[in-house]
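Working through the structure, step by step
The chain contents come next:
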Amino acid sequence: MKILIIGATSAIAEATARLWAEAGHQMYLIARDETRLETISSDLKIRGVCQIDSQQMDVNELSQHKLIIDKAFDALKFIDVVLIAHGTLGNQEACEQDFEVALQEFHTNAISTLSLLTHIANRMESQKQGTIAVISSVAGDRGRQSNYLYGTAKGTVSIFLQGLRQRLYKSGVHVMTVKPGFVDTPMTAAFKKGPLWAKPDVIAQCIDNGIRRKRNVIYTPWYWWIIMAVIKMIPETIMKKIVL
Amino acid sequence: MEAHGWGRYPRLEGEITYPVTSAQCVSEVMHNAGLTPQGLGRSYGDSCLGRHMLNTRYLDHYIEFDEQTGLLTCAAGVSLDDIVQTFVPKGWFLSVTPGTRFVTVGGAIASDVHGKNHHLDGSFCDHVIQMDLLLGNGEKVSLSPTLNADLFHATCGGMGLTGVILSATFRLKSIRSSDMLTTTIKAADIDALLDAFEENQDASYSVAWIDCLARDKNLGRSLLMLGEHADEGPLAVKGKRRIPVPVDMPANLLNPYTVKLFNAAYFHRIRQSRISQVASLESFFYPLDTLDNWNRLYGRKGFIQYQFVLPKSGGIIGLKKILERISQSGMGSFLAVLKVFGKGNNNMLSFPKQGYTLALDFKVEPKAFELLNGLDKLVLDEGGRLYLAKDARMGEAAFKAGYSRWSEFESVRERYHAIGAFSSEQSRRLGLR
Ligand SMILES: Cc1cc2nc3c(=O)[nH]c(=O)nc-3n(C[C@H](O)[C@H](O)[C@H](O)COP(=O)(O)OP(=O)(O)OC[C@H]3O[C@@H](n4cnc5c(N)ncnc54)[C@H](O)[C@@H]3O)c2cc1C
Ligand SMILES: NC(=O)c1ccc[n+]([C@@H]2O[C@H](COP(=O)([O-])OP(=O)(O)OC[C@H]3O[C@@H](n4cnc5c(N)ncnc54)[C@H](OP(=O)(O)O)[C@@H]3O)[C@@H](O)[C@H]2O)c1
């Protein structure tokens, strides 16, 4: 399999890459930290990836997207799976105080992803095969006071993916939305962990299963589907009065 | 954040950081005094606990592997589980492995861990060729038995007190199959057991499960397990599908009656005096790993593991004295583990020395501490010592009597900027600076 990963230094992306490494696939990794890209590439090679290339990129530099995506597609010739994983949790309070900060967060978590997806979709559409998997979040399912800026961005991505899924279905390209719940990664290092928390390798396993089974939307781990179904059912009149 | 070791005793509040690069480790070292490196927290007591802990979870990358020689270089947070799963299918296994695979390379070096092959192959650090250590002044240095040898021998077994181990190169051993050919020998008492160890000193792996509650003529009754790597068969290991112990068990689940019953059943389960079987690698080396969080079986208050070594000369009499004391107390745990060590090495605080080592668990309760204080005295009188990786309670005097090279260790730490920069709850208790 030939795999392109954007945000390859994310803990979830890395766990997924390791899962795929064992099967001897070929990979193209994109992330902004060059040293970590090198560390991860050498590691994946020892784990069994037969060929690996990498490219430094800050996802917020939209002007580079087309060039870099083209480069990746040209290097791999044909891509079976694209995984988009970058993201920042941001500071909700700071976003409330200063819209510049909010805009920056929205740019990283939504705008950059829509731009990347636009270029990727066009290339995938012409190869008429393959899967695009994008990590969104359960936070995008419903706005909540504690992180609604992040939620807004992830919600934007989820809705964009719904449309893209319909469009690309005709070309035989599969689009999967991944909605993790709480995952124990560097992004959430400061949080106190409880029983609902999952490790990145569990999420990786869910992503791999989802792709194999051509699932459209996956909640990872699965129980977040139930939790979010309940949360989405709470009427706004009640929702606005509770702390969640 | 509340932190604890595998024994879940003691528990304390501290700050844990999870650096993802060695540059972030440098900044942690520069910004915190008395930092405590931490791996997977499989040491039982307080050696991986402190006010500021640096967890190596994300420093878990392979750096280089030489398929000809089996030399592996990796970052210190790589777990032995990962190595087993990645390399056994390629025909390589750890030269030395402890009884759990959920420890990091850094933790294995810092405790210079031993396995069932100590009598032939020594301990983990005897197979380490080189490592990179981050010192208290933020400098990174390379160590080997010939390069900065003093610091190398202080860091191997040095319980994280000389610096943060960033990466290491060590030798894997080649295997032809992941199957193990095992033999279990039933020993009616301690003399029979030690004879059986003696007779089987050429076995690649040997360890005994001993029933510490058996008394009088049954004192030391045990099962000696021997193992060899098979020459043919599959090269495969199962990943984790472990059975969780999701909640703390009531503390009285393990009481003298249930433990006695369990131990007796375990011993009598084997009917013949000697049986041979083929076992998988994971069931031979890591029987406890099938039960996730088995440490919760001891209840919320946790437990203490007590492991000592007695030098071979005169060890048998001392060993009997200690076994008698434990069986009389009726407090001994589940099965205890006994092993005959080969020669020790040149590392300043490494635990193994030629003789007998016994490890057993005690539920945390006041009378256990009383018993263990008494055992300390017996152990030290015989010229023995306690294993730092298991310890949660020994006093400064017991440490300094057991580890006579402690002052040499301190002077190496002084020389390499470790004093004040690295410490743990344990190091403070043991009177290290
Ligand atoms: C079920 C079980 C069976 C066991 N069997 C055996 C056995 O057969 N033989 C044996 O020898 N031991 C055994 N042990 C003990 C275990 O191997 C050691 O405690 C080991 O050190 C744990 O490694 P860790 O990665 O969990 O480290 P931790 O417990 O997190 O830390 C242990 C020590 O290593 C230091 N350390 C960790 N990482 C680094 C680093 N990167 N740089 C510097 N210092 C570091 C810490 O500061 C601390 O002092 C067993 C433990 C369990 C739970
Ligand atoms: N952890 C959770 O609980 C959770 C829950 C739901 C969804 N998610 C989503 O899961 C995905 C993966 O996150 P994670 O949990 O694995 O956290 P992570 O390890 O912190 O990964 C986030 C990654 O995004 C990268 N990134 C951030 N800004 C970037 C930029 N401008 N350009 C390029 N890369 C950038 C980071 O790169 P650097 O290392 O260079 O900063 C990092 O590799 C994210 O989309 C996140 O929103 C996570």
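No experiment lies behind these values; they were computed from the predicted model shown.

On to the overall build of chain A, then. The number of helices and strands found in chain A is 9 helices and 7 strands. Projected onto the principal axes, the alpha-carbon positions of chain A cover approximately 55 × 40 × 35 Å. Relative to its 244 residues, chain A shows a buried fraction of 52%. Looking at chain A alone, contacts between residues at least 24 apart form 72% of all its contacts between residues at least 6 apart. Roughly 11,600 Å² of accessible area belongs to chain A as shown, and the carbon and sulfur atoms make up 56% of that amount.

Residue and element names in this part refer to chain B. Looking at the assigned domains, one finds that chain B contains domain 1 (38–175 + 403–429) and domain 2 (179–393). Taken over C-alpha atoms, the centre of domain 1 sits 24 Å from the centre of domain 2. With both chains or domains summed, domain 1 and domain 2 bury close to 4,300 Å², and 58% of this area falls on carbon and sulfur atoms. On the domain 1 side of the contact with domain 2, Y44, K116 and Y403 bury the most area, a combined 23% of that side's loss. Connecting domain 1 to domain 2 are 1 salt bridge. A salt bridge links D391 to R429, with the shortest nitrogen-to-oxygen separation between them at 3.0 Å. Where domain 1 meets domain 2, there are 26 residue pairs in polar contact (both at pLDDT 80 or more). Breaking the side of domain 1 that touches domain 2 down by element, the ones donating at least two residues are α2 (80–87), β8 (92–94), α4 (118–121), α5 (149–155), α12 (406–415) and α13 (425–429). For the side of domain 1 that touches domain 2, the leading source of residues is α12, giving 4 residues. For the side of domain 1 that touches domain 2, a count of residues per class yields 19 nonpolar, 18 polar and 10 charged.

Moving on: the sheet that holds strand β3 (residues 15–17) of chain B. Residues and elements named next belong to chain B. Strand order in the open sheet formed by 3 strands is β3-β5-β4, and the pairing between neighbours is parallel. Strand pairing shows two members of the sheet lacking a second neighbour, β3 and β4 (35–38), which therefore form its edges. Averaged over all adjacent pairs, the angle separating strand axes in this sheet is 30°, with direction ignored. Alignment of β4 against strand β5 (residues 52–55), held across 4 bridges, turns out to be parallel. Residue pairing for β5: Q38 is matched across the bridge by N55.

Residue and element names in this part refer to chain B. Close to ligand 1 lie 34 residues, the nearest being P37, R42, S43, T104 and Y387. Contact distances for ligand 1 include 2.7 Å between an oxygen atom and a backbone N or O atom of G39. A distance of 3.1 Å separates an oxygen atom of ligand 1 from a polar backbone atom of L40. Coverage of ligand 1 by the protein amounts to 96% of the 970 Å² it exposes when considered alone.

Successive residues of a regular strand alternate their side chains across the two faces of the sheet. Residues and elements named next belong to chain B. Most of strand β7 (residues 71–75) is tucked away, with 4 of its 5 residues classed as buried. Bridging between strand β6 (residues 62–66) and β7 involves 4 bridges; their strand directions are antiparallel. The partner of E64 across the bridge, within β7, is T73. What sits between β6 and β7 in their antiparallel hairpin is a turn of 4 residues, with G70 showing a positive phi close to 80°.

Let us now look at the UniProt feature "domain: FAD-binding PCMH-type" (unreviewed entry) in chain B. In the UniProt entry, the feature "domain: FAD-binding PCMH-type" (unreviewed entry) is given for residues 9–175 of chain B. Annotated as residues 9–175 of chain B, this span is 21% helix and 29% strand, and its ends, taken at the C-alpha atoms, are 38 Å apart.

Before going further, it helps to examine the sheet that holds strand β3 (residues 51–56) of chain A. Residues and elements named next belong to chain A. Spatial strand order, β3-β2-β1-β4-β5-β6-β7: 7 strands in an open sheet with parallel pairing. Whereas interior strands pair on both sides, the edge strands pair on one side only; in this sheet they are β3 and β7 (217–220). Geometrically, the sheet is characterised by an average inter-axis angle of 15° between neighbouring strands, direction not taken into account. In this structure, strand β1 (residues 2–6) lies alongside strand β4 (residues 81–84), joined through 4 bridges in parallel fashion. When the bridges of β4 are listed, I6 appears paired with I84. Each of β1, β2 (26–31) and β3 is contacted by helix α3 (residues 65–76), which is oriented at about 165° to β2, the strand it contacts most.

Bringing helix α1 (residues 22–31) of chain B into the picture now. Residue and element names in this part refer to chain B. For α1, the complete set of buried residues consists of C25, V26, E28 and V29. For α1, the angular spread of buried residues about the axis comes to 160°, placing them on one side. Across α1 from its buried face, at more than 90 degrees, point the exposed residues A23 and H31. Looking at the buried residues of α1, the elements they touch are β3, β4, β5, β9 (128–134), β10 (140–143) and β11 (164–174).

All names here are of chain B. The terminal C-alpha atoms of helix α10 (residues 366–381) lie 24 Å apart, and with 16 residues this matches the ideal 22 Å at 1.5 Å per residue to within 8%. Of the positions making up α10, those classed as buried are A368, L371, L372, G374, L375, D376, L378 and V379. Buried-residue contacts for α10 involve β18 (303–311), α9 (315–329), β20 (355–363) and β21 (385–386). Among the residues trailing α10, G383 stands out with phi positive, at a value near 80°.

Glancing now at the site of ligand 2. Residue and element names in this part refer to chain A. The environment of ligand 2 is made up of 28 residues, and the closest members are T9, R32, Y150, V183 and T185. The separation between an oxygen atom of ligand 2 and a polar side-chain atom of R36 is 2.9 Å. Separating a nitrogen atom of ligand 2 from a side-chain N or O atom of N60 is a distance of 3.5 Å. Starting from 890 Å² of accessible surface for ligand 2 in isolation, the protein chains cover 90%. Elements that contribute at least two residues to the shell around ligand 2 include exactly α1 (11–21) and α6 (148–169). Here the residues of the shell around ligand 2 sort into 12 nonpolar, 12 polar and 4 charged.

Applying the stated criterion across every chain, the model contains 33 salt bridges over all chains. Between A:R18 and A:E14 there is a salt bridge, and its shortest N-O distance comes to 3.3 Å. One end of the pair, A:R18, and the other, A:E14, are both in helix α1, 4 residues apart, so they sit about a helical turn from each other. Overall, the relative accessible area of 13% leaves A:R18 in the buried class. Between A:R18 and B:D60 there is a salt bridge, with the nearest N and O atoms lying 3.0 Å from each other. Of the two residues, A:R18 sits in helix α1 while B:D60 sits in the loop between β5 and β6, which places them in two different chains.

The rules behind the values
- Residues numbered from 1 in each chain as written.
- Chains lettered and ligands numbered in written order.
- Predicted model: local features only at pLDDT ≥ 70, side-chain atom pairs only at ≥ 80, totals over all residues.
- Heavy atoms only, no water.
- Helix = DSSP H or I, 4+ residues; strand = E, 2+ residues; numbered from the N terminus.
- Buried < 20%, exposed > 50% of the residue type's maximum accessible area, 1.4 Å probe, protein only.
- Contact = heavy atoms within 4.5 Å.
- Areas by Shrake-Rupley, 256 points an atom, 1.4 Å probe, with all protein chains shown as cover.
- Domains from an automatic or database assignment.
- Buried area = accessible area lost by both parts, 1.4 Å probe.
- Salt bridge = Lys/Arg side-chain N within 4 Å of Asp/Glu carboxyl O.
- Polar contact = N/O pair within 3.5 Å; in protein donor to acceptor, adjacent residues only side chain to side chain.
- Nonpolar A, V, L, I, M, F, W, Y, C, P; charged D, E, K, R; others polar.
- Pairing = 2+ DSSP bridges.
- Axes fitted to C-alpha atoms, helices over the stretch in contact; angles between N-to-C directions.
- Near = heavy atom within 4 Å.
- UniProt positions renumbered as here; feature names shortened; annotations may be inferred.
- Arc of directions from axis to C-beta.
- Expected span 1.5 Å × (residues − 1).

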